[in-house]
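Geometric and topological summary
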Amino acid sequence: PGCQTGSVPSEEKADRSSVSEVPMLKSYKNFPPILQKQILMRLTGSVLGLFCVLVILISHSQWQLIFPGLVISLSFFISASNLFFRCEEKRYIVIHGICRGFERTSVRKQIKAIYLESDGKSVKVVYTYKGRPIKEGDQVTIYVADTASVYEVDGEYIICSILAIGREQNSSAMQKAA
């Protein structure tokens, strides 16, 4: 007459399968927008890698040529899923600070590191992103993995590995531009 422990009638199983996709999307929408963008870019890289595999498979009959595309696609997918689960478990640290200066390369004058002031402490972040430029006085938000190494040298913290970086322009800089 009764159901066994752990068994679910077939109608409830169908409901649970459709509900199981929704929490993943809900948790994705709760992530910070910068990390959402990083996950989306990595998934896009994975899809582009698979597209390259498909093009190579159609245009050439040599199946050995698909391995680089599969490796690229797989690495992007693993990176995206790693970041997704890190965000879902909230295993990251958010650092808010104001940009106080830069360290530039000697030849091409590209930004090599950013100096931030956060809670009265100086933080040096190795900068590898080539997106929108950061200016002195901008409010910067950095997302760092909770397992990332942070070094202290002469009272200054050095972070070499970050998940994402975002910025908000300084209000006085925006007023000058207007």
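As the structure is a prediction and not an experimental result, all values here were calculated from the model.

**Here we look at the overall build of the protein chain**
Tallying secondary structure elements over the protein chain gives four helices and seven strands in all. For the protein chain, the N- to C-terminal ordering of α and β elements is α-α-α-β-β-β-β-β-β-β-α. Taking all 178 residues of the protein chain together, the buried fraction comes to 29%. Summarising the internal contacts of the protein chain: among those between residues at least 6 apart in sequence, 57% fall at separations of at least 24. About 12,400 Å² of surface is accessible on the protein chain, with carbon and sulfur atoms providing 59% of the total.

**Remarks on the confidence of the model for the protein chain**
In this model, the protein chain carries an average pLDDT of 82, and 83% of its residues clear a pLDDT of 70 or more. Within the protein chain, the lowest mean pLDDT, 50, falls on helix α4 (residues 171-177), and the highest, 93, falls on helix α3 (residues 66-88). Confidence drops under pLDDT 50 across residues 1-19; counting only partners more than four residues distant or on other chains, this segment forms two contacts. With pLDDT under 50 throughout, residues 173-178 is counted as low confidence; its partners more than four residues away or in other chains account for one contact.

**Focus on the environment of R132**
Following the sequence through the fold, R132 ends up in the loop between β3 (121-126) and β4 (139-145). Taking C-alpha positions, R132 is 8.7 Å from R167, a pair spaced 35 residues apart along the chain.

**Points about the packing of aromatic side chains**
Two aromatic rings are characterised by how far apart their centres lie and by the angle between their planes. Tallied over the entire structure, the rule returns four aromatic pairs. With a centroid separation of 6.0 Å and an interplanar angle of 75°, the aromatic rings of Y28 and F31 are classed as edge-to-face. Overall, the relative accessible area of 5% leaves F31 in the buried class. Taken together, the ring pairs connect Y28, F31, F84 and F85 into an aromatic cluster. For the cation-ring pair, R104 lies above F102, with the distance from its terminal atom to the ring centre recorded as 5.3 Å.

**A word on the sheet that holds β3**
Strand order in the open sheet formed by seven strands is β5-β6-β3-β2-β1-β4-β7, with mixed pairing between adjacent strands. Since the sheet does not close on itself, it has two edges, and those belong to β5 (150-153) and β7 (164-168), each with one partner. Here the average twist between neighbouring strands, direction ignored, is 35°. As paired strands, β4 and β7 are joined by five bridges and run antiparallel to one another. Pairing of V140 across the sheet is with R167, part of β7.

The rules we used
- Residues numbered from 1 in each chain as written.
- Predicted model: local features only at pLDDT ≥ 70, side-chain atom pairs only at ≥ 80, totals over all residues.
- Heavy atoms only, no water.
- Helix = DSSP H or I, 4+ residues; strand = E, 2+ residues; numbered from the N terminus.
- Buried < 20%, exposed > 50% of the residue type's maximum accessible area, 1.4 Å probe, protein only.
- Contact = heavy atoms within 4.5 Å.
- Areas by Shrake-Rupley, 256 points an atom, 1.4 Å probe, with all protein chains shown as cover.
- pLDDT = per-residue confidence, 0-100.
- Phe/Tyr/Trp six-rings, centres within 6.5 Å; stacked < 30°, edge-to-face > 60°.
- Lys NZ or Arg CZ within 6 Å of the ring centre and 35° of its normal.
- Pairing = 2+ DSSP bridges.
- Axes fitted to C-alpha atoms, helices over the stretch in contact; angles between N-to-C directions.

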